[in-house]
Amino acid sequence: MQKSTFKKYIKSLNEDELREEIDRLFSKIPEVKHYYTLELGSDADRKRIYDKVKRGLESKYRTKSFRRPRRPRIAKINAILREVEKHAVYTFELGDVFLYNVECATTFAKKYYFESDPLTNVILKSYEKACLYIRDALMEDEFEDRLKEVIVNMKRYPNIAISMEQLYDRIIEA
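Q: Where do I start with a nonpolar patch on the surface in this structure?
A: Side chains of Ile22, Phe26, Tyr35, Tyr36 and Leu40 sit close together on the surface and give an oily, nonpolar patch of about 480 Å² of accessible area. Within the residue set of the nonpolar patch, elements represented by two or more residues are α2 (15-28) and α3 (30-40). When residues of the nonpolar patch are assigned to their parent elements, the largest contribution, 3 residues, is made by α3. In this structure, Leu40 sits in helix α3.

In structure tokens, the structure reads:
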């Protein structure tokens, strides 16, 4: 169905029929319910959704073996972040999710002495997006400690730490 056909259909409905149509969409399509939960839901509803996303991100970094740690599931992490970015309502919540991803990644790298190009890319891209979203939401003061702490976590990997400091200076301090 094309958008023009859909618009004609919507225009042909009266107000009560429109309400029934939206109610039907809300009850049958999970994405619609998810959208309205983020858009109109309470802070507790959104927190519950974002906590679930954070648990999902954390699980992609989890490993059983200290000697031979499993590589983080970078493709799945990126998929989760893209999905969250698509549906988010408030930018500070996006900043929090991206910063949480950086915290998980830097903790993994520090704990298991693990460095790889895909992990480095995820850290730097997520850190940049976190800084941008936090700056756009004017929440630099609330997130400042966490933003600096992840840089400290990466002191063992100076090239990553320097890149993160440059991103922080360029985006937040500018």
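Past the structure itself, the notes keep going.
Q: Sorry if this is basic, but what is going on with the environment of Lys33 here?
A: Mapped onto the elements of the fold, Lys33 is located in helix α3. Relative accessible area serves as the criterion here: at 45%, Lys33 is assigned to the partly exposed category. Placed 19 residues apart in sequence, Lys33 and Asn14 show a C-alpha to C-alpha distance of 23 Å.

Q: Is there a simple way to think about the side chain of Arg46 in this case?
A: In this structure, Arg46 sits in helix α4 (residues 43-59). In terms of polar contacts, Arg46 uses its side chain to reach the side chain of Glu93, at 2.9 Å.

Q: What's the story with the pattern of salt bridges in this structure? I'm lost.
A: Any two side chains of opposite charge can pair, on the condition that their charged atoms come close. Tallied over the entire structure, the rule returns 15 salt bridges. Among the ionic pairs, Arg146 bridges to Glu103, the shortest N-O distance being 2.7 Å. Separated by 43 residues along the polypeptide, Arg146 in helix α8 (residues 140-153) and Glu103 in helix α6 (residues 91-112) bring together distant segments of the chain. For the salt bridge of Arg170 with Glu128, the shortest nitrogen-to-oxygen distance reads 3.0 Å.

Q: Just checking my understanding: could you explain α8 for this structure?
A: An α-helical turn contains 3.6 residues, so any two residues separated by three or four positions project in the same direction. Relative to the 20 Å expected for 14 residues at 1.5 Å per residue, α8 spans 19 Å between its end C-alpha atoms, a close match to the ideal helical length. Residues of α8 that are buried include every one of Phe143, Leu147, Val150, Ile151 and Asn153, and no others. In a view along the axis of α8, the buried residues occupy a sector of 155 degrees, so they form one face of it. Every exposed residue of α8 that faces more than 90 degrees away from the buried side is listed here: Asp141, Asp145 and Val152. As for α8, its buried residues are in contact with α6, α7 (117-136) and α9 (158-171).

Q: When you look at the state of the cysteines in this model, what are you seeing that I'm missing?
A: Covalent bonding between the sulfur atoms of two cysteines is what defines a disulfide. Overall, the coordinates contain 0 disulfides when judged by the stated rule. A disulfide-free cysteine, Cys104 has its sulfur positioned 16 Å from the sulfur of Cys131, the nearest such atom. For Cys104, a relative accessible area of 12% puts it in the buried group.

Cut-off values and rules
- Residues numbered from 1 in each chain as written.
- Predicted model: local features only at pLDDT ≥ 70, side-chain atom pairs only at ≥ 80, totals over all residues.
- Heavy atoms only, no water.
- Patch = residues over 30% accessible without salt bridge, like charges linked within 9 Å, V, L, I, M, F, W, Y side chains within 5 Å.
- Areas by Shrake-Rupley, 256 points an atom, 1.4 Å probe, with all protein chains shown as cover.
- Salt bridge = Lys/Arg side-chain N within 4 Å of Asp/Glu carboxyl O.
- Helix = DSSP H or I, 4+ residues; strand = E, 2+ residues; numbered from the N terminus.
- Buried < 20%, exposed > 50% of the residue type's maximum accessible area, 1.4 Å probe, protein only.
- Polar contact = N/O pair within 3.5 Å; in protein donor to acceptor, adjacent residues only side chain to side chain.
- Expected span 1.5 Å × (residues − 1).
- Arc of directions from axis to C-beta.
- Contact = heavy atoms within 4.5 Å.
- Disulfide = S-S within 2.5 Å.

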